[in-house]
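Spelled out from the first residue to the last, the chains are:
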Amino acid sequence: MERKISISKPSVGEEEVKAVSEVIRSGIIAQGPQVSKLEEEFSKLCNSEYSIAVNSGTAALHTSLNVAGINGGDEVITTPFTFIATANTIMMQNAKPVFVDIDEDSFNLNPDLIEEKITDKTRAIVTVDLYGQLCDYIKINEIANKYNLVVISDSCQSIGAEQESFKSGSIADITAFSFYATKNITCGEGGILTTNNEDYEKKARLFRQHGRSDLNNYDYTHIGYNYRTTDINASILLEQLKKLSDFTNKRISNANYLLENLKDIPGLVLPKTFKNNKHVFHQFTIKINSDFKMRRDDLVKYFKDKGINCGVYYPKSIHLFDHLIKFGYQEGDFPVAERLSGEVISLPVHPELSRDDLNYIVSSINGVI
Ligand SMILES: *Cc1c(COP(=O)(O)O)cnc(C)c1O
């Protein structure tokens, strides 16, 4: 039998099917009571005061930047080693993404390089908690306090992650999450933002529906979009939330198995979990350097031929895309991000993998060396 191991797979079952059927039969299928319930449960999960559900992670990021007051002429510090939505949403508010290079070991923003990029136009830092591990918020929040900047966390990959006594969703001023099909929990497409700031919460509820309040009185005070989600989506997520800790534990145990069985391979650098962090392994990302027997791109192809679908997140540092390079960026500006975009490869780690699948991944790598 030919083997096929995918890089991600939604874990959905009969519970979700039943929940969706009930919503459809109820007659309320757009934003309604299930969305409110989802927001309540999500706030409990993150220890955050408020949660506002929207229809994608991109919508959650755009809303976060808008309610934080980011506008034309503002500068927003972020990482070039991320999914494009992080920078696009900054540009959607007509602000300039100011990139800061990443840390070699965490793949996240290097906090020691932030201060030199702060100008009198800097208004916010958008941190990205890449692959399932939080940024160094002790240092980042300290810098933000010193310069009076808003910290917006793009935690689309890090639901359930923790640092010290904080959870993702309550460690930054505003946090954005995604429920796209590849994320740790999903409803196909979806997103949510969390905050402890009542002013941000009120503005986010307006921004999500054309500046109209939830009271449905056709009174518009504010520009807005249609970023509402539906009770159908919310009912799926309410079931997914019940399963989140099982999913996370399975991801961690799969990661530990790979860590244990891929030790000491020349040129293969394993992911690190930092002290006082809970890494939720959205991705298990290794680095392939020149000491390895094969080049990174050849290894991706080798895996593909073996039926193992690996990911390269991300093949290009985003300051080099046409619509960003116009801000004056060039090759060589962010040497760590640029080098790692040629070294990273993410191995399957999702909860649907069997022990047999993991062994097959390990033995395929051993077949190279
Ligand atoms: C998935 C993701 C997003 C965007 O989420 P969507 O729901 O696809 O809009 C943004 N940032 C990061 C880091 C992501 O992984």
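Think of each chain on its own: its residues are numbered from 1, step by step along the sequence as written. The predicted nature of this model means local features are confined to residues of pLDDT at least 70 and side-chain atom pairs, given and counted, to a pLDDT of 80 or more, with totals for whole chains, interfaces and linings taken over all residues. Each side-chain value is derived from all of the structure's non-hydrogen atoms; neither hydrogens nor water enter the calculation.

K.L.:
How should empty space enclosed by the protein be read in this particular structure?
P.N.:
Empty pockets left among the atoms are what a rolling probe the size of a water molecule brings to light. Only protein atoms enter the 1 Å grid used here. Points where a 1.4 Å probe fits but cannot escape make up a cavity, open sets with protein on both sides within 12 Å along at least five of seven lines make up a pocket, and a residue lines them when an atom lies within 4 Å of a point. Grid points are joined across faces, edges and corners, and a volume is the space filled by probe spheres set on the points. Enumeration over the complete set of coordinates arrives at three cavities of 30 Å³ or more. Lining the largest cavity are 13 residues, and of these Lys9, Ser11, Lys183, Asn184 and Arg251 sit closest to its centre. In this structure, the second largest cavity spans a volume of roughly 60 Å³. Together, Asp105, Ser106, Phe107, Leu130, Tyr131, Gln133, Pro271, Lys272, His279 and Gln283 line the second largest cavity. Only Asp, Glu, Lys and Arg are considered charged, only Ala, Val, Leu, Ile, Met, Phe, Trp, Tyr, Cys and Pro nonpolar, and every remaining residue, Gly among them, polar. Per-class residue counts for the lining of the second largest cavity are four nonpolar, four polar and two charged.

K.L.:
What is the right way to look at the pairing of strand 9 (residues 191–195) in this model?
P.N.:
Put simply, side chains in a regular strand alternate between the two faces of the sheet. Taken across its five residues, strand 9 has five buried, putting it largely inside the fold. Pairing between strands is defined by DSSP: at least two bridges between them are needed. Strands here mean DSSP runs of E at least two residues long; helices mean DSSP runs of H or I at least four residues long; both are numbered from the N terminus. Across five bridges, strand 1 (residues 50–54) lies against strand 9 in antiparallel orientation. Paired with Val54 across the strands is Gly191, a residue of strand 9. In this sheet, strand 9 lies alongside strand 8 (residues 174–178) in antiparallel orientation, the contact comprising five bridges. Each residue of the ladder has a partner; that of Ile174, found in strand 9, is Thr195. Think of it in three bands: residues with accessible area under 20% of the maximum for their type are buried, residues over 50% are exposed, and the middle band is partly exposed, with areas taken using a 1.4 Å probe on protein chains only.

K.L.:
How should the packing of aromatic side chains be read in this particular structure?
P.N.:
Working definition: an aromatic ring pair is given by the centre-to-centre distance plus the angle between the planes. Pairing of aromatic side chains requires ring centres within 6.5 Å, counting the rings of Phe and Tyr and the six-membered ring of Trp. Pairs whose planes differ by under 30 degrees are stacked, by over 60 edge-to-face, and all others tilted. In the structure shown here, the tally under the stated rule is 13 aromatic pairs. On the numbers, 5.9 Å between centres and 75° between planes, the contact of Phe42 with Phe179 is edge-to-face. One end of the pair, Phe42, is in helix 2 (residues 33–46); the other, Phe179, is in the loop between strand 8 and strand 9, with 137 residues separating them in the sequence. On the basis of relative accessible area, Phe42 is assigned to the buried category, the value being 0%.

K.L.:
For this particular structure, what's the right way to read the nonpolar core?
P.N.:
The tendency in soluble globular proteins is for nonpolar side chains to be buried side by side. By size, the foremost hydrophobic cluster in this structure holds 37 residues, and its most contacted members are Phe81 and Ile114. Mapped by element, the contributors of at least two residues to this core are helix 4 (85–92), strand 3 (96–99), strand 4 (122–128), helix 5 (137–147) and helix 10 (335–340). At four residues, the largest contribution of residues to this core is made by helix 5. Contacts are residue-level and defined by heavy atoms, with any inter-residue pair within 4.5 Å sufficient. When neighbours within four sequence positions are excluded, Phe81 is seen to be in contact with Ile102, Phe107, Leu130, Tyr131, Tyr313, Tyr314, Ala337, Leu340, Ser341 and Val344. Remark: nonpolar core denotes a set of buried residues (Ala, Val, Leu, Ile, Met, Phe, Trp, Tyr, Cys) joined through side-chain atoms within 4.5 Å.

K.L.:
How should I be thinking about the sheet that holds strand 7 (residues 166–167) in this particular structure?
P.N.:
Strand-to-strand pairing in sheets goes through backbone hydrogen bonds, with the strands running parallel or antiparallel. On the basis of which strands lie adjacent, the open sheet formed by three strands has the order 7-6-11 and antiparallel pairing. One side of each edge strand has no neighbouring strand; the edge strands of this open sheet are strand 7 and strand 11 (277–278). Here two bridges tie strand 6 (residues 162–163) to strand 11, and the two strands are oriented antiparallel to one another. For Glu162, the partnering residue across the bridge sits in strand 11 and is Lys278.

K.L.:
Sorry if this is basic, but what is going on with the site of the ligand here?
P.N.:
Contacts to the ligand come from 15 residues, most closely from Gly57, Thr58, Asp154, Ser178 and Lys183. A distance of 2.7 Å is found between an oxygen atom of the ligand and a backbone nitrogen or oxygen belonging to Gly57. Pairs of N or O atoms within 3.5 Å make up the polar contacts considered here, provided that, within protein, one atom can donate a hydrogen while the other can accept it, and that residues adjacent in sequence are counted only when both atoms are side-chain atoms. Here Asp154 contributes a side-chain N or O atom positioned 2.7 Å from a nitrogen atom of the ligand. The protein chains shown are the only cover counted for residues, whose accessible areas, like all others here, come from Shrake-Rupley with a 1.4 Å probe. In the complex, the protein chains occlude 92% of the 380 Å² of accessible area that the ligand would expose alone. When contributions to the shell around the ligand are tallied by element, the ones reaching two or more residues are helix 3 (57–67) and helix 4. Top contributing element to the shell around the ligand by residue count: helix 3, with three residues. Nearness is judged by heavy atoms alone; a residue qualifies as near a molecule or strand once a single heavy atom is within 4 Å of it.

K.L.:
Would you take a moment to explain the pattern of salt bridges for this structure?
P.N.:
For side chains of opposite charge, pairing can occur when their charged atoms come near one another. Each salt bridge in this description consists of a side-chain nitrogen of Lys or Arg and a carboxyl oxygen of Asp or Glu lying within 4 Å of one another. Applying the stated criterion across every chain yields a total of 23 salt bridges. In this structure, the salt-bridge partner of Asp356 is Arg3, at a minimum N-O distance of 3.3 Å. Remark: Arg3 occurs in the segment before helix 1 (14–26) and Asp356 occurs in helix 11 (residues 355–368); sequence separation between them is 353 residues. Measuring nitrogen to oxygen at the nearest pair gives 3.2 Å for the salt bridge that ties Glu41 to Lys44. Of the two residues, Glu41 and Lys44 both sit in helix 2, three residues apart, roughly one turn of that helix. When its relative accessible area of 28% is taken as the criterion, Glu41 is described as partly exposed. Relative accessible area serves as the criterion here: at 54%, Lys44 is assigned to the exposed category.

K.L.:
Sorry if this is basic, but what is going on with helix 5 here?
P.N.:
Each full turn of the α-helix corresponds to 3.6 residues, which orients residues three or four apart in the same direction. The set of residues buried in helix 5 consists of Tyr137, Ile140, Ile143 and Ala144. Summarising the axial view, the buried residues of helix 5 lie within an arc of 130°, below the 170-degree limit, and thus occupy one face. In helix 5, the exposed residues that point more than 90 degrees away from the buried face are Glu142, Asn145 and Lys146. Where helix 5 starts, the residue carrying a side-chain oxygen 3.4 Å from the main-chain nitrogen of Ile138 turns out to be Asp136. Just downstream of helix 5 lies Asn148, where phi reads positive at about 60°. Arc definition: directions from the helix axis to the C-beta atoms.

K.L.:
So what exactly am I meant to see when it comes to the packing of helix 2 against helix 7 (residues 231–261) here?
P.N.:
Helices that pack against each other are described as a pair by the angle of their axes relative to one another and the distance between those axes. Only the stretch in contact is used when fitting a helix axis, every axis being a line fitted to C-alpha atoms; angles between N-to-C directions are given from 0 to 180 degrees. At a minimum axis separation of 8 Å, helix 2 and helix 7 run at an interaxial angle of 30°. By the angle between their axes, helix 2 is roughly parallel relative to helix 7. As for the relative orientation of helix 2 and helix 7, their crossing is left-handed in sense. Each of Pro33, Gln34, Val35, Lys37, Leu38, Glu41, Phe42 and Leu45 in helix 2 lies in contact with helix 7, whose residues at this interface are Asp231, Ala234, Ser235, Leu237, Leu238, Leu241 and Leu244. Along the lines of polarity and charge, the residues of the contact of helix 2 with helix 7 split into ten nonpolar, two polar and three charged. Just so you know how the angles are binned, under 35 degrees is roughly parallel, over 145 roughly antiparallel, 65 to 115 roughly perpendicular, and the rest oblique. By definition, turning the near helix anticlockwise from the far helix through less than a right angle yields a left-handed crossing, and turning it clockwise yields a right-handed one.

This is a description of form; function is not addressed.
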